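Commentary on secondary and tertiary structure
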Amino acid sequence: MKDFAASSDAFVQAQLDRLAALSLPQGRIGLDVVKELLARLGNPQLDLPPVFHVAGTNGKGSTCAYLRAILEAQGLTVHNATKPHLVRYNERIRIAGRLIEDRLLGELLAEVLDISEDLGPSFFEVTTVATFLAFHRIPADACVIEVGLGGRLDATNVMEKPAVCAVNTLGVDHEAFLLNDEPGAPDPKANPMVRIAFEKAGIAREGVPLVTQSYAPDVAAQVSLSAETAGAPHAMRGRDWFADISDSGIAYRDYLGELALPLPTMPGAHQADNAALAVAMIRHQSAVTVSEEALAEGIRSAYWPARLQKLGSGPVTDTHPQRLFLLDGGHNPDAAEALATFLSHKVEQPVDAVVAMMAVKDARRFIQIVAPHLASLTAVPIPGSDHAPLDTLAELAREAGVAKVSTAESFMGALNALPATKEGTVLIFGSLYLAGKVLAENGDLPD
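Thresholds applied
Residues numbered from 1 in each chain as written. Predicted model: local features only at pLDDT ≥ 70, side-chain atom pairs only at ≥ 80, totals over all residues. Heavy atoms only, no water. Helix = DSSP H or I, 4+ residues; strand = E, 2+ residues; numbered from the N terminus. Rg over C-alpha atoms; globule rule 2.2 N^0.38 Å. Buried < 20%, exposed > 50% of the residue type's maximum accessible area, 1.4 Å probe, protein only. Contact = heavy atoms within 4.5 Å. Areas by Shrake-Rupley, 256 points an atom, 1.4 Å probe, with all protein chains shown as cover. Lys, Arg positive; Asp, Glu negative; His and termini not counted. Charge placed at Lys NZ, Arg CZ, Asp CG, Glu CD. Pairing = 2+ DSSP bridges. Axes fitted to C-alpha atoms, helices over the stretch in contact; angles between N-to-C directions. Parallel < 35°, antiparallel > 145°, perpendicular 65-115°, else oblique. Left-handed = near helix turned anticlockwise from the far one by under 90°. Salt bridge = Lys/Arg side-chain N within 4 Å of Asp/Glu carboxyl O. Phe/Tyr/Trp six-rings, centres within 6.5 Å; stacked < 30°, edge-to-face > 60°. Lys NZ or Arg CZ within 6 Å of the ring centre and 35° of its normal.

1. As for the overall build of the protein chain
Check the secondary structure of the protein chain and you find 15 helices and 17 strands. Taking 447 residues into account, the globule formula puts the C-alpha radius of gyration at 22 Å, and the protein chain, at 21 Å, falls close to it. Based on the C-alpha atoms only, the size of the protein chain along its principal axes is roughly 60 × 50 × 45 Å. When the 447 residues of the protein chain are sorted by exposure, 57% land in the buried category. Long-range pairs, those at least 24 residues apart, make up 75% of the contacts in the protein chain between residues at least 6 apart in sequence. Accessible area of the protein chain: about 18100 Å², with a carbon and sulfur share of 51%. Taking the average location of the 36 positive side-chain charges in the protein chain and that of its 54 negative ones, the two points are 1 Å from each other.

Structure below.
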C-alpha cells in the first residue's frame with residue numbers, strides 16, 4: 001500500500017519519493033526512533049501551543065474537525081494534524097487554519113529525512129516529527145492532533161503535557177498491529193475489544209484529563225484502568241458528562257452545568273456523538289477559554305470530507321447529473337453500521353453502489369451490513385494499492401443478497417455503466433483511498 005500523494009512541486013515530490021521508500025521496519029514497533037529524531041531537533045513536541053490529542057477507532061477525524069471549528073469560532077488560530085490525506089499530502093498538516101504550503105512542507109520533510117537516515121525511520125515517524133517541527137516554529141493558539149494507528153505506540157504519543165486527551169468510539173481495526181501478543185498487555189484472544197481499549201487509552205498522561213465515550217463494562221474498566229495507571233483524571237460519558245441527542249439538538253451537561261447545542265450539519269446521526277465529545281474535551285481542559293456561542297457555531301460549521309459527503313458538480317457527478325452522489329470512506333464494521341443507518345433514513349432510493357476496499361479490511365462483514373440498502377453493487381480496484389480482489393467483493397455482495405452485482409476496471413467505468421435513471425442515489429464507499437481518487441477526478445480538492 002502506498003500512502004502518498006503526488007505533488008506538482010518538484011522539491012516536494014522529491015521528498016515524497018523519499019518517504020515512499022520508507023515502511024514500518026519489520027520487528028520494530030515502539031517510540032524509540034521518533035524520540036531520538038525529536039531529540040536531535042531539540043524536542044519541539046515539548047514546546048507546542050495547547051494540544052488536543054484525539055484517539056479512537058472511528059470518529060476521531062470528525063472530532064478533530066469539530067474541535068478546530070469550535071476553536072476557530074472563538075477567534076483562535078489552530079494547527080491541525082490529521083491522517084490520511086485524500087488528494088494532497090498537504091491535507092495532513094494545517095498551519096494556523098490553512099493547509100501547509102508546498103515550500104514549507106518540502107523543507108520540513110527534507111530536514112527530518114536528512115537527519116534520520118541512520119535510524120531507519122518509518123513514514124509515520126518522519127511525518128509526525130515534521131508536523132511537530134511546524135507546530136513548534138509557527139505561532140498558534142492551539143493544536144488539534146489526531147492519533148494515527150492505535151495510541152500507546154503511535155508516533156504522536158510523545159507529548160508530555162497535552163491540554164486534554166480523548167478516546168472516541170472503539171472497534172476492531174488494524175488487527176495485525178493492535179492485536180498482536182505482547183507481554184504485559186491484555187490477551188487479544190481473550191477479548192479483542194479490551195486489548196483495543198488498552199492501546200487507544202495509552203495516550204493518557206499524568207495530570208492530563210482523558211475524556212472518553214461510554215463503552216461496554218469490560219472495555220470501560222480497561223479505559224479507566226489505563227487512566228488510573230497514568231494518573232490521568234478520567235471523564236467518561238454517562239458518568240461524568242452527558243449528551244442527550246434528539247431531533248431538536250444536543251442537551252449537554254457536566255460539572256460546569258447544562259448547554260443546549262445544535263445538531264451538526266455534517267450528515268449522519270453519529271456526528272452528534274463526535275461533536276459532543278469535542279465539546280466535552282473543551283469543557284474538561286483549562287488551557288483555552290471557549291464560549292457557548294463558539295461551541296454552537298463550531299458544531300454548525302464543521303466540515304470533514306469523504307464522510308457521507310454529497311458531491312458537487314463535476315466530471316464524476318456529470319455521469320448522472322440528476323442523481324445524488326454520496327461519498328463515504330468508512331472501512332470497518334462500525335463505519336458500515338453508521339452508513340447503513342444513514343441509508344435507511346436519509347437517502348433517496350434506489351441506491352446503486354460502487355465499492356473498493358483494502359485487502360486487509362473485513363470486507364465480508366462490511367458488505368453484509370450495507371447490502372440490505374443497495375439495489376446494485378459494482379466492485380472496483382484502488383489504483384496503486386493492495387485492494388481486495390474484485391471477484392471476492394462481488395461474491396460477498398451476492399451472498400449478502402444484493403440483486404445486481406458486477407465488477408469494473410475503474411470507478412468511472414462503473415459509473416458510466418449504471419442505469420440512466422433520474423432517480424435515486426449513487427454511493428461510492430469502502431475506502432478513503434478510493435474517496436481521494438473520486439474527489440480528485442471530480443475537482444473537489446479538500447482545503
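2. Quick notes on the pairing of strand 6 (residues 164–167)
Neither face of strand 6 is exposed, since Val164 and Ala166 on one face and Cys165 and Val167 on the opposite face are all buried. Sheet analysis places strand 1 (residues 51–55) next to strand 6, joined by four bridges and oriented parallel. Residue pairing for strand 6: His53 is matched across the bridge by Cys165. As paired elements, strand 6 and strand 7 (residues 210–212) share three bridges and run parallel to each other. Residue Cys165 lies in a different strand from strand 7, and its bridge partner there is Leu210.

3. Some remarks on the environment of Arg205
Its location among the elements puts Arg205 in the loop between helix 7 (192–200) and strand 7. In the structure, Arg205 is positioned 43 residues away from Pro162 in sequence and 8.0 Å away in space, judged by C-alpha atoms. In this view, Arg205 contacts Asn157, Val158, Met159, Glu160, Pro162, Ala230, Gly231 and Ala232; residues no more than four positions away in its chain are not counted.

4. Observations regarding the packing of helix 7 against helix 8 (residues 217–230)
Helix packing for two helices is described by the angle between their axes and how far apart those axes are. Here helix 7 crosses helix 8 at 25°, and the two axes come no closer than 9 Å. With respect to helix 8, the axis of helix 7 lies roughly parallel. Crossing handedness for the pair helix 7 and helix 8: right-handed. The residues of helix 8 that touch helix 7, namely those facing Met193, Val194, Ala197 and Phe198, are Asp218, Val219, Gln222, Val223 and Ser226.

5. Comments concerning the sheet that holds strand 11 (residues 257–261)
The strand order 9-10-11 describes an open sheet built from three strands, whose pairing is antiparallel. At either margin of the open sheet sits one strand with a lone partner, and together these are strand 9 (242–246) and strand 11. Strand after strand, the sheet turns through a mean of 15° between neighbouring axes, direction not considered. Two strands pair when backbone bridges link them, and strand 9 and strand 10 (residues 249–254) are joined in this way by five bridges, in the antiparallel orientation. When the bridges of strand 10 are listed, Ile245 appears paired with Ile250. Its contacts with the sheet put helix 9 (residues 270–283) on strand 9, strand 10 and strand 11, and the angle it makes with strand 10 is roughly 30°.

6. As for the pattern of salt bridges
Overall, the coordinates contain 18 salt bridges when judged by the stated rule. Notably, a salt bridge pairs Arg152 with Glu199, separated by 3.0 Å at the nearest N-O pair. Residue Arg152 is found in the loop between strand 5 (142–146) and strand 6, and its partner Glu199 is found in helix 7; the two are separated by 47 residues along the sequence. Judged by relative accessible area, Glu199 falls into the buried class, the value being 4%. Put simply, Glu399 and Arg364 hold a salt bridge, and the shortest N to O gap is 2.8 Å. In this pair, Glu399 sits in helix 13 (residues 390–399) while Arg364 sits in helix 12 (residues 363–370), placing the two residues 35 residues apart along the sequence. A relative accessible area of 43% means that Arg364 is categorised as partly exposed. One network of salt bridges, with partners in common, ties together Arg18, Asp114 and Glu117.

7. Re the packing of aromatic side chains
Within the structure shown, the criterion is met by four aromatic pairs. Ring centres 5.9 Å apart and planes at 25° place the aromatic pair Trp241 and Tyr252 in the stacked group. Of this pair, Trp241 sits in the loop between strand 8 (234–236) and strand 9 while Tyr252 sits in strand 10, and the two are 11 residues apart along the sequence. Grouping residues by exposure puts Trp241 and Tyr252 together as buried. Here the guanidinium or amino end of Arg253 rests over the ring plane of Phe242, the centre of that ring lying 4.2 Å away.

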